[in-house]
Every structure is written in structure tokens, then in C-alpha cells.
Amino acid sequence: MKLTLKIWRQKNSAEKGGFVSYPIDGISKDMSFLEMMDVLNEELTEKGEDPVHFDHDCREGICGMCSLYINGKPHGPQQTTTCQLHMRSFSDGDTITIEPWRAKSFPVLKDLVVDRSAFDRIIQAGGYVSVNTGGVPDANEIPIPKKIADEAFDAATCIGCGACVAACKNASAMLFTSAKISQLAMLPQGQVERKERAEKMIAQMDAEGFGACTNTGACAAECPKGISLTNIARMNREFFSAVVSSDNL
Amino acid sequence: MSWVTKTLSSTLGRKLVMALTGIFLILFLTGHVSGNLLLFKGDGGEAFNMYAKFMTTNPAVKLLSYLTYISVIGHVIYSIALTKLNKSARPVGYAESKASTNSAWSSRNMGILGTVILVFLAGHMYSFWFQMHWGGIPIVNYAGEEYKDLYSVVNVAFQQTWMVVLYVIAMVFLGFHLSHGFSSAFQTLGLNHKKYTPAIEAVGKFYCVVVPALFASMPLYIYFTS
Amino acid sequence: MILDSKIPAGPLAEKWTKHKFNSKLVNPANKRKYDVIVVGTGLAGASAAASLAELGYNVKAFCFQDSPRRAHSIAAQGGINAAKNYQNDGDSIFRLFYDTVKGGDYRAREANVYRLAEVSVNIIDQCVAQGVPFAREYGGLLANRSFGGAQVSRTFYARGQTGQQLLLGAYSALSRQVANGKVKLYPRTEMMDVVLIDGHARGIVTRNLITGAVETHAAHAVLLCTGGYGNVFFLSTNAMGSNVTAAWRAHKRGAYFANPCYTQIHPTCIPVSGDHQSKLTLMSESLRNDGRVWVPATVEMAEKLRKGQIKANDIPENERDYYLERKYPSFGNLVPRDVASRNAKYVCDEGRGVNETGEAVYLDFRDAIKRDGEDVIRAKYGNLFDMYQQITGENPYQVPMMIYPAVHYTMGGLWVDYNLMTTVPGLYALGEANFSDHGANRLGASALMQGLADGYFVIPYTLGDYLAQTPPKKVDESHPEFEKVKTEVKERIQKLLNIKGSKSVDYFHKKLGKIMWNECGMARTAEGLTKAKAEIKSLRAEFWKDVKVLGENEELNQSLEKAHRVADFLELGELMIDDALNRNESCGGHFREEYQTPEGEALRDDENFAYVAAWKYMGEGQEEELNKEPLVFENVKLTQRSYK
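First things first, this report covers the structure right here in the doc. Remember, predicted model here, so these are calculated numbers, not experimental data.

### Digging into helix α14 (residues 480-499) of chain C
Residue and element names in this part refer to chain C.
- Helix length check: α14 (20 residues) gives 29 Å between terminal C-alpha atoms against 28 Å at 1.5 Å per residue, within 8%.
- Those residues of α14 lying buried are F482, V485, V489, I493 and L496. Down the axis of α14, the buried side of the element spans an arc of 80 degrees, and every buried residue falls inside it. Seen from the buried face of α14, the exposed residues on the opposite side, beyond 90 degrees, are P480, K484, T487, E491, Q494, K495 and N498.
- Taken from the residues just after α14, K500 is the one with a positive phi, measuring 45 degrees.

Here's what the structure looks like:
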């Protein structure tokens, strides 16, 4: 395949960026998208040009490190992570536009690499059960109905890639935040800190500068792990009932 | 900041205001469209004019109407604030976006739809609501009691083609606004449930077609029958 | 140097309890005076950092990824073993211990493995308390499955994403301590070297991957939880960033490297499709429960397949060779990983491989679908089948899957004593980074267990013992040793940037990977290894003359990051070869063709090789020195593994 890649290049967070087009040839349909990027980078290196920087690690769709806004969609045309996208999803002669995630809370560090530490700070605000190591009850002393465990699991599969923020017209992080709030709100282990967790995580989400949800559903439609919008509804419930009943002034 | 203002200035609090005012306005529209059906009665406007008087004088309705004004103003102010916030969350946009593949057009353009509806609303209120309250309006007599003849104002207004076209177009916008707004409000309130959400969505789809269609049929009816 | 494993005396089952009691304690009020550095935030690192912070130590946690949640533990699919015996099927701590020692082909330390089995039960409790959504039965209690050929069901799992859920649990505990101010997080920061003061590890030198700033960090102890070195093969199931740099730098500062040649090759991976391949994807070995492994019976037929003249489904039953079922009638397709991998290699070496490259065998679900129906198979393996189709573009419900072995895990690592301390005092290694628990072969669902055991339940005790004997005085970062190591790191960076050669880093990495895979992979010979050693030496020389690293240090520079890692792999590769050459026997993941039974099975030499080979770095260009830690087996009887 012969392709034209229109890629966002930006030297660092301080400098302005812009698009640069790169023709590329000899791409096989069996390559993954990131392997195609590897080929480009090998060529650029050969020519003495700075390779295109992008985040990636496990390349099996689970670590959440890869990103890229490809042809107007996060992670490209398929509902999967970029590392699992293969070139057979494109045709010979295509022009592929590759942009970084765009959000105030995800500043570009270089080229296609963005800083997603805002997600870490949202989790730090309360995305956990406060138990220390040791001194916990036997695992089977906490029975959990299978259905609830499965539903909590569905929420827990979020990989924190940020595609929801990238897809949302408001750059809202509500799908991400709600997935964790939901998981712990459903499980008995999460009950003790339930109210405080909802209040704190949402406060942190707002403080990071993410937008508000307008229920377009783009986040869930693009989520590579299929996290559902019901999590956002649950988060809203959790939040409203927390603010009216908690004793935090 | 007290917990109330803190909550109402959070993203979720603002959404809550949007949803609650939105639902109230949906209820208002339901009442409004039901009452206006009297236009179809063919009694020369008697029932409609009596209804109009009731709506402008009854204290309970008055209270409701103040709530409606507040809802409209709240809905508008909070939408402006939210839009501003949402725009600032993405200072650099995408060069290419295929949002149409992941979300409905109306859901992404509630601001535009809402703005058009707001402009329409201003004109609509000037034409009828303002005239009813403070305008020079003919008086009619039913069974010895005086009534403002709002019906004749309506009748005159909808003789004009451009007015009718404008109203019908505005109702299309309202329909799209409602097509997202109806179920969205429930989602924001956290009312999402396997059993009820499909029903809410079905009612929403029905509502967003039927209510604007009924509203639009009124100018059309008057235009073609008189 | 005599390697002192510090295994406590006494009966096996009492060693750990006794040892915990005999360990010195740090006074609660004093804990806040101690600083601990944790490098790596996978299962071992995140659990250690969180647990130590909970105890009151000041922790600095480092990872090269953008968030601790990305560590490659997240990719583990199958599950985690624990001797809970919830299924009432005869499991016990001793049985888990026994299975692990046997599975490791009797090359692991008894006491460590027993402790691992002992604390395995606590791990499950801990994870459940954190809210990890393990699979459950309808009654609400935890579900188990049997895994990796174990005869009891002791594996806890969370669909095919157990590693993800466990890591997110540890990450949440870590995040809580970050919020509490007890852990300071350094993401996108790579450890470049260890700093020793008076022979004790007292800090590290790091490079900030965004700004390139080379910085020093001081502490009373340093924990390396940096995973394995499978990427020395270039192609592996490891993450792209997984590397040996932290462990290797520590090795060059005096930490012995143990059993580097023990590599686990996983039999069920998606085959290489071309030269562009950057990484291999594992398909859970649970697939072998229903899939049948086969190749064409004749080379002619295989050639037709490779040329695309016929399709797999065209081959009649009598021309298929279900070689695992044929050779191992009692275990069939469920033979252990090393046996399955080696046999796939054999049939492909005979020319019976089935894809274009000739390096793939079929894993066929035709019969299982016929027997159980497609729905049943979909319910069991749907996500794996989808993943396979996503990557290969083929529908495994209709055509057989193609699989081939790939490097998956490295049992070798930094030598540690019973306390997980390396030969450098104050320097610890946890999880896959150490060598301690899996011997020559790791059993399925044991990696997660070991990572969390080390981090949650071992290091909090053993580190306390060391710190209690270390004065709580702040480690002085202005000590000249910090500046010295920092300068060395900067010089190395400059050296790499100044070569300005003609070949990319990947060029060297791929070449190294090929040498390692061909000569130090599934089957090894003295001749091949000797040849490989010379090739690596010259490749390394070429690297330092001709590598092309663009850009500068003071920026986000992924070529430079890679160059550092590959430079270390080029040194480690040679040590792996030395170790493989030295070990004149076959055991577990180390198979020397010269040492096999007449049936082609691994032939151990317990008399001469029942020891841990711990290598000491002797300086640039010097051969490393072999130190032996004899393995003493008092509780298990050494037998030949047989799966006939």
C-alpha cells in the first residue's frame, strides 16, 4: 500500500505545532497501525529527521498507553485501541490524518504524545478502597452476587487511555471518572467511602479542567473497552445523593 | 462557598440545573400545547380566550408561570456557562472530526438549536404574551364578561405567510432540541435503568415529534382555514 | 564470594513465621525517617510502594510509562494461583509449593517457594478487600479454574484480564498513598543507575523522559521491581518499553545476575507475519483445553499450504498429524508450556509449518465446535477469538488458528537472598526482576502471585529488618558519589548521541533478537551458543561505532531511550549465552539439544547442576565470574518430569 500521512508535529509543549505530510510506501495490510508508524520512523531516522513521537507500550490493547486521533476518530476507524488497529482497515492511496488527543487537561508534550496525568490525580482523589495491606477478612467472607460482580467488572475494564475525553466534543472525562465510581459503588467493599469518593473524584475532575457531559454518547461509542453510559448516570446519582446527604459543608 | 453554591457551580451541578429546568420546560410545553388545542375548537375563539384569561389571572398558574420564566432564564444562563466551560476544555480543536459516526447531530448542536429557539421565543412572546399583558388588544364579551380577544391577535398573525413559515421552522428546531433533551435530562438525573430507559427513550421520541408537530399545525390550520 | 541465601533454619512450614519473628522492627515513630526508592510500578512495585507507605516509610516510586497503571503486569490474562482450597479438591499450601518446585524442574529454592505458597492465600484476601472484581459463582463466592495443567482448581481470575484487575487494585492502593503524601510519584522517569555509598545502595540516578534532566534521588534502600528481560529477543510478548536497564545497571554495580538463560517460551502466540513485526501477542493457554494442535503429516502437503494451493480445511483427517496427542497420549494438547513449544519447533524445523514463513502450527477448534456447538465455544473464548481475528483478519470459528511459540517470561533475574536483597546491601529485587521462585520454568498463573507476594507480604518485613540496622540519618544527596554517578550517566548519554552512525537502534535490536532466538531460544547447542557469543560481541562493537541516535538529550527523545535499553540488552545477551553454555543439562525452559532422553525430553543433571548460577560482573570486556548457590531439596524428591 502507498499512503500519505498527515501528522501533527510539535517540538514540545511550549512551541507551536503544525501538520507535516509524509508519503509512505510498501505498507502491508497485515501490519498494525503502530508498526506502520515504526516503518515511517525508521525512514525518518535514515534521513536524519526526528522520528514522530507517539505513546505506546503493551501493543496488545490493555495498557491504555497508545492514543492517536486517526482520520477524525480516537483510535481510528475501529472501536479498538490504536495498537490493535491494522492496516487492512485502510485502502491503497489513502491520506491518513493523525492528531494527538485534544484537551486542555491533556497538554501535548511532543508530536502525538500528551500528558494524561490528570487521570491519575482523579484516581488519587478517591478511586480506591482505603484498606491497608494485611488485616483484611477472608476473601469469601464478602459474598457478592455474580451479576453485581460482573457489572462492576464491566466498569473496571477501563484502561484509562483517554479516548472518551478525545471523542467528547466537550473534552469531558465523565466516562472515565464514572467507571471507577461505578465499580466501587456497586461493590460492598466500596460502601464505606461511597459518598466521599463521589464528591472528591468529581471535584478533582472539575479542577483538572475537563468539560461537562452533554450526553452525546460519543465517549461510549468510541471506548475501546465498551464502557457504558449507564456508568455516567450512576455517577450522577451517586453525586447528587452524596451532596444532599453527606456532612461535608 | 457553601455546599449549595459549590454543588451548583460544579459540572454535575450545572448539568443538574439544565436537566431540572429542561424537564420543567417540557412539562410547560405539554400544558401549553394542550391548552392551545382550543384553537381548533372552531367556536370563534371563545374557549381559547377564556383559557387565556384563566392563564393570566389564576394565582396558581401565575406561580407556575414565574417558575417557567425562571426555568427559561436558568436554562439559558446555565447553558451559556456550560458551553463556555466546554469550549475552554478544548482550546485547540481537531483538523478532522468524524463525530457523526459516534453521536447524533442534535446532541452535538444543542447550543445552536437552543439559540434559535430562544430568538424565536423572544419574537413569540412579543407577538402574543406581551400583547396579552400590556398591548392594545380588542375586547370581546362572553355572557356579560369581558375578555381580551387574544384569538383575533393569533388569527391576524397567522394570516401572514412568513409568520407561518417561521413558526413551522422554529418547531422543527424545537423537535431536534427535544429529541436529545428529553432523554438526556433523565440520563443527567441518573435515571438510567434497564427497565425504564427504553420507555423513557420511546416517550422522548414520540414527544419530540408530536408536540412540535401539534404546535406547528396551529398556524397552518389558521392559515389554511381562514 | 560465598552466596548466603539466609534461609532460616527449621522445618519448612515454620521458616517464614520464625523469620518474621526474628526480623528486627523499626519503631513506628522512626519509620517516617526512612526513605525508600521503588523502581517500577507493576504488581511488585505498586504493591511494595503502597504497603511500605502504609507502614509509614517515605516512598518515591518511579516508572518510565506515563502512569503507574500502564506497567506490563496489566497484560497478564489467565489468573493468579492461591492455595485457598475453596473448591475442596485437595489443594494445600504444600501442594502448591510442590507443584511449583516440580514445575520449575527442581531449580528453585524450596524455602522461597514455600513462603510464596503460604502468602498466596493472603493475596486473594487483600485484592478482594481492595475491590478487585474476581469471577464469582452464582452463590456470590469466588470462582476458580484449573490452569496450566494443574490437577486442582486453584486459579482465581477476572475473565481474561486478571493482570489488569490486580494491577489496578495495586495502583489504587498506590494512588491512595500518593494522596496521603506518603508516596511521591515520578512517571516518565527512567532509572539510569544505582548509587552506592560504602557498599550500600543509597540512591539512584534518573532521566526525566520529557525534559531529559538527569537527576539524583537518595534513600535508605532501593527496590528494583522492573520486570523481566524478554525483550532481549526483540520479539516477545513483553511491552515495547520493557527493559533490563535498571537490573543491568545494578548488576554492573555489584548485584549478581542469576540463571539468565532460563527463558519461558509460551506455546500459544500469534505467529510472526513479516519483518515489520514489532511485538507478539499471547493467546491464553486455556485455548488448549479445547483446541487440537496439528500440522500436515507430510512436508509436501505443508508446502502446498504455504504456497496457498490448498487450505487447512481441505486436508483430510488421515493426513493431519496431531503430534501432541500422538506423542503424549495421557496429557495430549495439555502438556506443559516448554514441551508444547519445543514440539512446535520440531515439526516446523521438519518443514511442516503452515504459514508463509513456515513457522506456525494449527490450533483447531473444528471438533470442539462440532461437539459443543459454536455458542459454547464463543462463551468460553469469544474475546480471544475476536482478538485473533482483529490481528490476523481470519475467522477462527471457520479456519483453524495459527499459533507459534514466543518469548513470554524470564525466570532468571537478579540474585536475591531470602529477604529479596541482592548481593548489594540495601538493594532489593522483587517480582520478575529477581530469580527466586520459579526455577527453570514458571507455572501458569504464578507470575501474578509472585509479584504481589513480594510486594505486599514479603518486603514489608524483610526491608524493616535491614532498615532497623541502618541509622535513620537522612542520606546526603551531596555525597560525591551521587555527582560521580550522575556524571557517568551524562557521559554515556553524550557518548550515544555523539556516535552519529548510520544504523537505527531498531536495526541492532532486531539483529540481536534474531541471534538470541535462533541460538538461545527454544533449543540450544554448545556450537550455536559459541557462535552466537562471537556474533553478539561484534554486534555490540558495531553498535557503539555505528548507531544513529538523533536529537538531543534535553527533550522527549524516544530513540535515545531505546538506545540505552538496547545497549544493555547487547551486554545481557552475552551473559545469557554464557549461562546457557555453562549449564550442560536441560531443565525447564533451558533445553540443550545435547542433553535429552532418547525420547527427546529434557535431561536434567542433578548431580552437577542443582545450583543457582549467579554471575558477577567483572568489568568492561571481562568474562563474568560464576558463583554457585547449591540447591538443597529436603522436602521434595527429584524426579524426571514425564507427560507420556
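### A closer look at the sheet that holds strand β12 (residues 292-296) of chain C
Residue and element names in this part refer to chain C.
- Strand order across the open sheet formed by 5 strands is β11-β15-β14-β12-β13, with antiparallel pairing between neighbours. Since the sheet does not close on itself, it has two edges, and those belong to β11 (263-269) and β13 (320-321), each with one partner.
- As defined by bridge partners, β11 adjoins strand β15 (residues 401-410) across 5 bridges and the pair is classed as antiparallel. Bridge pairing in β15 links H266 to A406.
- The sheet strands contacting helix α10 (residues 337-349) are β11, β12, β14 (361-364) and β15, and the helix crosses β11 at an angle near 70 degrees.

### Side note on the interface of chain B and chain A
- Taken together, the contact between chain B and chain A spans 37 residues of the former and 40 residues of the latter.
- Those elements that provide at least two residues to the side of chain B that touches chain A are α1 (3-9), α2 (11-36), α4 (59-88), α5 (105-108) and α8 (161-188) of chain B.
- The element best represented in the side of chain B that touches chain A is α2(B), accounting for 5 residues.
- By residue class, the composition of the side of chain B that touches chain A is 14 nonpolar, 17 polar and 6 charged.

### Thoughts on the nonpolar core
- Judged by nonpolar contacts, the single largest core of 329 residues is most densely connected at C:A49, C:L223, C:L224, C:V361, C:L414 and C:Y428.
- Looking at this core, the element that brings in the most residues is helix α13 (residues 447-468) of chain C, giving 12 residues.
- Both domain 1 (3-110) and domain 2 (116-130 + 141-245) of chain A contribute no fewer than three residues apiece to this core.
- If near-sequence neighbours (up to four positions away) are discounted, C:L223 is found in contact with C:V36, C:I37, C:V38, C:V39, C:A48, C:Y428, C:L430 and C:I459.

The rules behind the values
Residues numbered from 1 in each chain as written. Chains lettered and ligands numbered in written order. Predicted model: local features only at pLDDT ≥ 70, side-chain atom pairs only at ≥ 80, totals over all residues. Helix = DSSP H or I, 4+ residues; strand = E, 2+ residues; numbered from the N terminus. Expected span 1.5 Å × (residues − 1). Buried ≥ 20, exposed ≤ 12 C-beta atoms within 10 Å, placed from the backbone. Arc of directions from axis to C-beta. Pairing = 2+ DSSP bridges. Contact = placed C-beta atoms within 7 Å. Axes fitted to C-alpha atoms, helices over the stretch in contact; angles between N-to-C directions. Nonpolar A, V, L, I, M, F, W, Y, C, P; charged D, E, K, R; others polar. Core = buried A, V, L, I, M, F, W, Y, C linked by C-beta atoms within 7 Å. Domains from an automatic or database assignment.

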